[in-house]
Amino acid sequence: MIKLLIADNHPIIRKGLELLFSASSNIQVVGSVNDGEAIIDFIKKAPVDIILTEIDLPKLNGLTVLRVLKTEFPSIKTIIFSAQPEEVYAINAIKAGAAGYISKAVNLITINEAILKVNEGDIYLSDELNKELNLGKKINRSGSFYKKLSTREAEVLKLLCVGKKNKEVAKELNVNEKTVSTYKARLMKKLKVTNLVDLVNQAKLATS
């Protein structure tokens, strides 16, 4: 039986997934949490095989959680289950340690298939993204832009876009503020802007 932990800041999604898997013969939901810190707290106390999590989480965002899991809990596999565009965040999520990325628009069968595939040691991405990667094509403007970013740059940009200050970003990523400033400067150069407001606006345009 695969032990599954669900992480999402929307109670209705957590409860819905719990109900969907309640009749499963091979997947058992062992818990559900609403923020990134709670994921770490839970897996320290109870056995978990796979985490199904949103990338946008309070306290610790999904990419930061992936970094912690990769270092401290390498046996636990993580699938990002998000409303955020796959073409924008999937590659960086995989680089950060995720074993799969699925959209919240998919059906239960797809979620189940992803969990089983990841449990067997494979990586799960949509057929569309797999085809694009295999053909070596640019997915689109936003996808090609985000592919140029390192995982850490994408992480910093995401936190800046939700209004985090340098000090808050540094604390969440466990780096100093000077490092955050360096990443911000790199991002501004890549997006060809000179201030934070334009940086955030340009990043949002790239994902629209």
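Numbers given for residues are sequential positions, taken from 1 along each chain in its written order. Side-chain atom pairs in this predicted model are given and counted only at pLDDT of 80 or more, local residue features only at pLDDT of at least 70, and totals for whole chains, interfaces and linings cover all residues. Calculated side-chain values reflect all of the structure's heavy atoms, with hydrogen atoms and water omitted.

## Thoughts on the pattern of salt bridges
Here is step 1: Any carboxyl oxygen of Asp or Glu that lies within 4 Å of a side-chain nitrogen of Lys or Arg is treated as forming a salt bridge with it. According to the stated counting rule, one finds 6 salt bridges in the structure shown.
Here is step 2: Two residues, Lys15 and Glu18, come together in a salt bridge whose shortest N-O distance is 3.6 Å. Separated by 3 residues within a single helix, Lys15 and Glu18 lie in helix H1 (residues 11-21), roughly one turn from each other.
Here is step 3: Three exposure classes are used, based on accessible area relative to the maximum for each residue type with a 1.4 Å probe and protein chains only: buried under 20%, partly exposed in between, and exposed over 50%. Classification of Lys15 by relative accessible area gives partly exposed; the value is 47%.
Here is step 4: Of the residues examined, Glu18 reaches a relative accessible area of 25% and is grouped as partly exposed.
Here is step 5: The salt bridge involving Lys59 is made with Asp35; its shortest N-O contact spans 4.0 Å. We count a stretch as a helix when DSSP gives it H or I for four or more residues in a row; a strand needs E for two or more, and each element gets its number in order from the N terminus.

## Quick notes on the sheet that holds strand E1 (residues 2-7)
Here is step 1: Strand pairing is assigned whenever DSSP identifies at least 2 bridges connecting the two strands. Strand order in the open sheet formed by 5 strands is E2-E1-E3-E4-E5, with parallel pairing between adjacent strands. In the strand order of this sheet, the two ends are held by strand E2 (27-33) and strand E5 (100-103), each with one partner. With direction set aside, neighbouring strand axes in the sheet form an average angle of 25 degrees.
Here is step 2: Two strands pair when backbone bridges link them, and strand E4 (residues 77-82) and E5 are joined in this way by 4 bridges, in the parallel orientation. Its bridge partner being in E5, Ile79 is matched across the sheet by Gly100.
Here is step 3: By definition in these notes, contact holds between two residues if any of their heavy atoms fall within 4.5 Å. The convention used is that axes are lines fitted to C-alpha atoms, helices contributing only their stretch in contact, and that angles between N-to-C directions extend from 0 to 180 degrees. Where helix H4 (residues 86-96) meets the sheet, its contacts fall on E4 and E5, and the angle it forms with E5 comes to roughly 160 degrees.

## Some details on the environment of Lys167
Here is step 1: Note on placement: Lys167 falls in helix H9 (residues 166-173).
Here is step 2: For the pair formed by Lys167 and Val180, sequence separation is 13 residues and the distance between their alpha carbons is 8.3 Å.

## Brief notes about the confidence of the model for the chain
Here is step 1: In predicted models, pLDDT denotes the confidence assigned by the predictor to each residue on a 0 to 100 scale. Confidence in the prediction of the chain, expressed as mean pLDDT, is 83, and 88% of residues score 70 or more.
Here is step 2: A low-confidence stretch, residues 135-143 stays under pLDDT 50, and its non-local contacts, those more than four residues away or across chains, total 16 contacts.

## Regarding H9
Here is step 1: When H9 is considered as a whole, its buried residues turn out to be Asn166, Val169, Ala170, Glu172 and Leu173. End-on view of H9: buried residues confined to an arc of 165 degrees, all on one side of the axis. Away from the buried face of H9 by more than 90 degrees, exposed residues Lys167 and Lys171 are located.
Here is step 2: On its buried face, H9 sits against helix H3 (62-72), helix H8 (151-161) and helix H10 (177-191).
Here is step 3: Directly after H9, the chain includes Asn174, whose backbone phi takes a positive value near 60 degrees. The arc in question is formed by the directions pointing from the helix axis toward the C-beta atoms.

## Things to note about unusual backbone geometry
Here is step 1: With a phi close to 70 degrees, Lys59 is a non-glycine residue in the positive phi region.
Here is step 2: Looking at where Lys59 falls in the secondary structure, it is placed in the loop between strand E3 (50-53) and H3.
Here is step 3: For Lys59, a relative accessible area of 51% gives the class exposed.

## Some thoughts on the nonpolar core
Here is step 1: Buried residues of nine kinds, namely Ala, Val, Leu, Ile, Met, Phe, Trp, Tyr and Cys, make up a nonpolar core once their side-chain atoms join them within 4.5 Å. With 17 residues, the main nonpolar core has Leu4, Leu52, Ile79, Ile102, Ile111 and Ile115 as its most contacted residues.
Here is step 2: In terms of residue count, the dominant contributor to this core is helix H5 (residues 108-119) (4 residues).
Here is step 3: Core analysis: the next-biggest nonpolar cluster, separate from the first, contains 16 residues, Leu173, Leu187, Val193 and Leu199 among them.

## Quick look at the environment of Tyr124
Here is step 1: With respect to the element layout, Tyr124 can be found in the loop between H5 and helix H6 (127-135).
Here is step 2: The sequence separation of Tyr124 and Gly100 amounts to 24 residues, and the corresponding C-alpha distance is 4.3 Å.
Here is step 3: If we skip the residues at most four places from it in the chain, Tyr124 touches Ala99, Gly100, Tyr101, Ile102, Thr110, Ala114, Lys117 and Val118.

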